[in-house]
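Coordinate inspection notes
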Amino acid sequence: EQRKKIGLRLDSSLLDKEIFDRLHNIELGITDFVSGGNNLYLWSNMTGNGKTAWAVRLIQSYFNKIWPSSNLEVRALFINVPKFFLALKDNISEKNEYVTQIKSNVLSADLVVWDEVALKTLTPFEMENLLNLINNRIDMGKSNIYTSNISPAELLNIVGDRLYSRIINKSEILEFREKDKRKLCKVHS
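The present account deals with the structure reproduced in this document. (Residues numbered from 1 in each chain as written. Predicted model: local features only at pLDDT ≥ 70, side-chain atom pairs only at ≥ 80, totals over all residues. Heavy atoms only, no water.)

Structural notes on the sheet that holds strand S6 (residues 172-175)
Worth spelling out the cut-off: Any two strands with at least two DSSP-identified bridges between them are counted as paired. Helical segments are the DSSP runs of H or I of at least four residues, strand segments are the runs of E of at least two, and each set is numbered from the N terminus. A fitted line through C-alpha atoms represents every axis, and for helices the fit uses only the stretch in contact; the resulting angles, taken between N-to-C directions, go from 0 to 180 degrees. Residues count as neighbours in contact if any of their non-hydrogen atoms are within 4.5 Å of one another.
The parallel open sheet is built from 5 strands, whose spatial order is S3-S4-S5-S2-S6. Each end of this open sheet is capped by a strand with a single partner; those strands are strand S3 (76-80) and S6. Adjacent strand axes in the sheet meet at a mean angle of 15 degrees when their direction is disregarded. Across 4 bridges, strand S2 (residues 39-43) lies against S6 in parallel orientation. Directly across from Tyr 41, in S6, lies its bridge partner Ile 173. Seen against the sheet, helix H1 (residues 17-28) touches S2 and S6 and runs at an angle of roughly 140 degrees to S6. Its contacts with the sheet put helix H7 (residues 152-168) on S2, strand S5 (143-148) and S6, and the angle it makes with S2 is roughly 175 degrees.

Below is the structure:
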């Protein structure tokens, strides 16, 4: 059964109208977007303005389009990157099921959402693991959506040249400018 579409709202400033329209168009053609191996970098230096909600809505739209022809294989993943890093570190001393699930499916999934991809400066361990996964996905022509509160310029200092190049140079970059969505006024469906 299909899930109800996530309602997203513009505030009265309409600062993100172009971005919402662009993302709505991607949503309408989500299977072409994913099969084309396209990537998005959704960012804002403010929190709560729709980056993750749009990423979830896009992955949900993809599921809604493919479920009739899909078997039980994992076709898309949502990875909260800070949670994944914590689990990776725990996995060193004791096998972590979350890490096992991610690693066994991340390369075969058609679409991966990397939520909060650059929350802080990465350690060499974190950088190498993330670079390996993202680089392999890009080499395989797989689609990725990254969300971040870090501008593309700042991202370079946080993730280094190699990972920066793979994320930014291979992605359409969309900046959200509206403030936190606690005062909502206009629905964009």
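From this point, things continue past the structure.
Brief notes about the nonpolar core
For clarity, the cut-off: Side-chain atoms within 4.5 Å are what join buried Ala, Val, Leu, Ile, Met, Phe, Trp, Tyr and Cys residues into a set we call a nonpolar core. The buried label goes to any residue with under 20% of its type's maximum accessible area, the exposed label to any with over 50%, and the partly exposed label to all in between, with areas taken from a 1.4 Å probe on protein chains only.
Residues Tyr 41, Trp 114, Val 117, Leu 130, Leu 155 and Ile 167 are the most contacted members of the largest nonpolar core, which totals 32 residues. At 7 residues, the largest contribution of residues to this core is made by H7. Excluding anything up to four places from it in sequence, Trp 114 contacts Ile 79, Val 81, Val 106, Leu 130, Leu 133, Ile 134, Arg 137, Asn 144, Ile 145, Tyr 146 and Thr 147. Grouped together as the second largest cluster of nonpolar side chains are 21 residues, Ile 26, Val 34, Ile 145 and Leu 174 included.

Note that all results are geometric; they support no functional claim without further evidence.
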